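# Chain and residue survey
Listed below are the residues making up each chain.
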Amino acid sequence: MKIGIVYDDCFKKHTARYDHPECPERLDSVIEGLKRAGVWSRATHLSPVEADRTLLTTVHDEAYIDLLLEKIDGRSGNLDADTFFSQGSKEAALKAAGGAADLALKVHARELDWGFAAVRPPGHHAESNRACGFCMINNIAVAAGTLLKTQSAERVAIVDWDVHHGNGTQEQFYDNPNVLYISLHQWPHFPGSGLSNEIGKGEGKGRTINFPFPAGLRDGDYLFAFRNVILPALAEFKPEHILVSAGYDAHERDFLAGMNLSTNAFAVMTQLLQAAAAEHCGGRISFYLEGGYHLDALADSVAATCNGMAPTSPILEPDDPSPQGIQIVNQTVSQLAPYWKTDFSALQ
Ligand SMILES: [Zn+2]
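A brief look at the structure comes next. (Residues numbered from 1 in each chain as written. Predicted model: local features only at pLDDT ≥ 70, side-chain atom pairs only at ≥ 80, totals over all residues. Heavy atoms only, no water.)

### Quick notes on the pairing of strand E7 (residues 179-186)
Burial analysis of E7 places eight of its eight residues in the buried class, which makes it a mostly covered element. Side chains Val179, Tyr181, Ser183 and His185 of E7 all project onto a buried face; the interleaved residues Leu180, Ile182, Leu184 and Gln186 project onto the opposite face, where all are buried too. Sheet topology places strand E6 (residues 156-160) next to E7; five bridges connect them, and they run parallel. Across the sheet, Asp160 pairs through a bridge with Ser183, a residue of E7. With helix H6 (residues 167-172) bridging E6 and the parallel E7, this β-α-β connection has right-handed handedness. (Buried < 20%, exposed > 50% of the residue type's maximum accessible area, 1.4 Å probe, protein only. Helix = DSSP H or I, 4+ residues; strand = E, 2+ residues; numbered from the N terminus. Pairing = 2+ DSSP bridges. Right-handed = clockwise from strand over helix to strand, strands pointing away.)

Dropping the structure here:
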């Protein structure tokens, strides 16, 4: 297995002037998880280069990029109440996006079997013209947009299991029929979007799938959504690459949200997506770090993701879904029916 890791010490130079959960130590936890799973030492380490304007404007407005890069250049401050920047942020943000695009292209070309972008700042809240929720540049959107723009891929799927809805990624591809965006998240919760009836617009209608789960749901609820909707949707859509917004803040120990996933849930979700990638897109799958704020849970969950990618690791069967989980999955399914051949309503 040839595994690609994107990491650079510059990602730790993006710092807040006050205590902030999106802290540089998170990357120590990610590396600890990669080491514990035996991935760090045998991986191919990709040195990220700064994304240029062409790459960034694949998904972001030119005026926003100009304004952002001028504002954060050599300074520190805040773009909104949550989104800080420091002297090291510009290099970190540009290399995070550049590294994400490079990883996607190398996995897509099969130079790598799979890959993990251990990057900061995270990206999935960043919209085409707006920073949001600790995010300035949408790394996974830049990666997906690059695959489409270079015509490496005609169709890509983004699965976002971060506990927060990826409003930025959704917005950037909302009318794009070639990007299937699927998010499982806590609702109501930050950023407030991601209801079941947000399904895309225009030609992209039906290509956005949201599971707005109440706090407290568990592994069995997530698995229920995967088995009944996400995996059949991937089978019908037939993506050429599966990109994962790998946030780990749905973990039961995370303090920024109230979801109750065990560490094992991340291994199970990974195994299911790996199997889908093997079946539909020659195994092309790549992971991009988003949230995850409990430092120990983050290390454990990243290790679980790596273990999920190991062909021999056993699946531990999660609990049955809860009535609330089944209700939300049903609610989402009812919105999708007109746009898919698959009958998602035969819930199991
Ligand atoms: Zn999050």
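### Remarks on the nonpolar core
Within the largest apolar cluster, 112 residues are counted, with the highest numbers of intra-cluster contacts made by Phe116, Trp161, Phe211, Phe213 and Leu243. The contacts of Phe116, once residues within four sequence positions are left out, are Gly4, Ile5, Val6, Val30, Leu103, Tyr248, Phe287, Leu289 and Val302. (Core = buried A, V, L, I, M, F, W, Y, C linked by side-chain atoms within 4.5 Å. Contact = heavy atoms within 4.5 Å.)

### As for the coordination of the zinc ion
Coordination of the zinc ion by the protein involves Asp162 (OD), Asp162 (OD), His164 (ND1) and Asp249 (OD), with metal-donor separations of 2.0 to 2.7 Å. Around the zinc ion sit four donor atoms; with metal-centred angles ranging over 53 to 155°, the donor geometry is irregular. Along the chain, the residues that donate to the zinc ion are spaced as D-x1-H-x84-D. Remark: Asp249 occurs in the loop between strand E9 (242-246) and helix H8 (263-280) and Asp162 occurs in the loop between E6 and H6; sequence separation between them is 87 residues. (Donors = N, O, S within 2.8 Å, 3.2 Å for Na, K, Ca; no water. Tetrahedral: all angles 85-135°; square planar, octahedral: opposite > 155°, others 65-115°.)

### Quick look at the pairing of E6
Counted residue by residue, E6 has five buried out of five residues, so it is predominantly covered. Here E6 shows two buried faces, one formed by Val156, Ile158 and Asp160 and the other by Ala157 and Val159. Sheet topology places E6 next to E9; four bridges connect them, and they run parallel. If you follow Ala157 over to E9, its bridge partner there is Ile242.

### A short note on the packing of aromatic side chains
Enumeration according to the criterion identifies 12 aromatic pairs in this entry. Ring plane angle 45° and centroid distance 6.3 Å describe the contact between Trp161 and Phe287, whose orientation is recorded as tilted. With Trp161 in the loop between E6 and H6 and Phe287 in strand E10 (residues 285-289), the pair connects residues that are 126 residues apart, well separated along the chain. Summarising the burial analysis for this pair, Trp161 and Phe287 share the class buried. Here a set of aromatic residues connected by ring pairs shows up, and it is made of Trp114, Phe116, Trp161, Tyr248, Phe266 and Phe287. Between Arg207 and the ring centre of Trp340, over which it is positioned, the NZ or CZ distance is 4.4 Å. (Phe/Tyr/Trp six-rings, centres within 6.5 Å; stacked < 30°, edge-to-face > 60°. Lys NZ or Arg CZ within 6 Å of the ring centre and 35° of its normal.)

### Observations regarding unusual backbone geometry
With an omega dihedral of -5°, the bond running from Arg120 to Pro121 counts as a cis peptide bond. Tracing the backbone shows Pro121 in the loop between strand E5 (114-117) and helix H5 (139-149). With omega at 0°, the peptide bond leading from Trp187 into Pro188 counts as cis. Tracing the sequence through the fold places Pro188 in the loop between E7 and strand E8 (208-213). The residue Arg110 is not glycine, and still its phi comes out positive at about 65°. Checked against the element boundaries, Arg110 lands in the loop between helix H4 (89-108) and E5. One non-glycine residue, Lys238, lies in positive phi territory at about 50°. Looking at the element boundaries, Lys238 is found in the loop between helix H7 (219-237) and E9.

### Side note on the sheet that holds E10
On the basis of which strands lie adjacent, the open sheet formed by eight strands has the order E2-E1-E5-E10-E9-E6-E7-E8 and parallel pairing. Sheet topology places strand E2 (44-46) and E8 at the edges, where each strand pairs with a single neighbour. Each strand of the sheet is rotated relative to its neighbour by a mean of 15°, with strand direction disregarded. Together, strand E1 (3-6), E2, E5, E9 and E10 form the strand contacts of H4, whose direction differs from that of E10 by roughly 165°. The strands touched by H7 are E6, E7, E8 and E9; relative to E7, the strand with the most contacts, the crossing angle is about 175°. (Axes fitted to C-alpha atoms, helices over the stretch in contact; angles between N-to-C directions.)

### Quick word on the pattern of salt bridges
Throughout the structure, instances matching the rule amount to 14 salt bridges. For the salt bridge of Arg120 with Glu22, the shortest nitrogen-to-oxygen distance reads 2.6 Å. Taken together, the residues span a long stretch of sequence, with Arg120 in the loop between E5 and H5 and Glu22 in the loop between E1 and helix H1 (25-36) at a distance of 98 residues. The exposure class of Glu22 is buried, given its relative accessible area of 1%. With a shortest N-O distance of 2.9 Å, Glu91 and Lys95 are connected by a salt bridge. One end of the pair is Glu91 and the other is Lys95, both in helix H4 and four residues apart, which spans about a single turn. Sharing partners across several salt bridges, the network here consists of Glu32, Arg36, Arg253 and Asp300. (Salt bridge = Lys/Arg side-chain N within 4 Å of Asp/Glu carboxyl O.)

Everything listed here is a matter of geometry and, on its own, says nothing about what the molecule does.
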